[in-house]
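Residues per chain are reported as follows:
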Amino acid sequence: NPSVQINLPKAASGDETVPSQLNVSIDKSGEIFVNGKNSTLEELSSITKTQVGQNADLQAIVSADSDVSHGRVIEVIDTVKSSGVTKFAISISKK
């Protein structure tokens, strides 16, 4: 899996995330990566709907660079939620 360099925001609280089938990353420039593959919002929606069809309990893990605008993160979360995912987590780095 190719990795995307993400500078996660830090938070003192937060639980360890469980492995999921949908990892969504947003890099510093706002580009979206789904399971390591550069994707558009439309591709994110399509991939999410397919995976929810295979696993109704799918959890999405969203990792956004700390420099990404709040609006972009909400746009991505909204796309994931409207595609059928009801469980998601935001990745953070422990302080």
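Everything discussed here concerns the structure shown above.
In short, a report on the structure.

1. What to know about the sheet that holds strand β2 (residues 22–26)
Overall, mixed pairing links the 5 strands, which are arranged β4-β3-β2-β5-β6 in an open sheet. Pairing within the sheet leaves two strands with one partner each, and these edge strands are β4 (37–39) and β6 (87–90). Strand-to-strand twist across the sheet, computed as the mean angle between neighbouring axes with direction ignored, equals 25°. Two strands pair when backbone bridges link them, and strand β5 (residues 59–64) and β6 are joined in this way by 4 bridges, in the parallel orientation. Residue pairing for β6: A60 is matched across the bridge by F88.

2. Digging into the nonpolar core
With 18 residues, the main nonpolar core has L22, V24, I26, L44, V76, V80 and V85 as its most contacted residues. Those elements that provide at least two residues to this core are β2, β3 (32–34), α1 (41–54), β5 and α2 (70–82). It is α2 that contributes the most residues to this core, 4 residues altogether. Contact partners of L22, with chain neighbours within four places excluded, come to V34, N35, I47, T48, Q51, L58, Q59, A60, I61, V80 and V85.

3. Observations regarding the environment of E42
Here E42 is to be found in helix α1. For E42, a relative accessible area of 59% puts it in the exposed group. Note: C-alpha distance between E42 and T79 (37 residues apart in sequence) is 8.5 Å.

4. Observations concerning the side chain of Q51
One can find Q51 in helix α1. Classification of Q51 by relative accessible area gives buried; the value is 13%. Those residues in contact with Q51, other than ones at most four positions away along the chain, are Q21, L22, N35 and L58.

5. A short note on the environment of L44
Tracing the sequence through the fold places L44 in helix α1. Owing to a relative accessible area of 0%, L44 belongs among the buried residues under this scheme. Residues L44 and V34, spaced 10 residues apart in sequence, show a C-alpha to C-alpha distance of 6.6 Å. With sequence-adjacent residues up to four places away left out, L44 is seen in contact with V24, V34, V76, T79 and V80.

Conventions and cut-offs
Numbers given to residues run from 1 along each chain, matching the order in which its sequence is written. Side-chain atom pairs in this predicted model are given and counted only at pLDDT of 80 or more, local residue features only at pLDDT of at least 70, and totals for whole chains, interfaces and linings cover all residues. As a convention, hydrogens and water are excluded, and side-chain values are obtained from all of the structure's heavy atoms. We call two strands paired when DSSP finds no fewer than two bridges between them. Only DSSP runs of H or I with at least four residues qualify as helices, and only runs of E with at least two residues qualify as strands; both kinds are numbered from the N terminus onward. Fitted lines through C-alpha atoms serve as axes, helices being fitted only where they are in contact, and the angles separating the N-to-C directions of these axes extend from 0 to 180 degrees. Residues enter a nonpolar core if they are buried and are Ala, Val, Leu, Ile, Met, Phe, Trp, Tyr or Cys, with the set joined through side-chain atoms within 4.5 Å. Classification of residues uses two cut-offs on accessible area relative to the type maximum, computed with a 1.4 Å probe and protein chains only: under 20% is buried, over 50% is exposed, and between them is partly exposed. Contact definition: two residues touch when any of their heavy atoms are within 4.5 Å.

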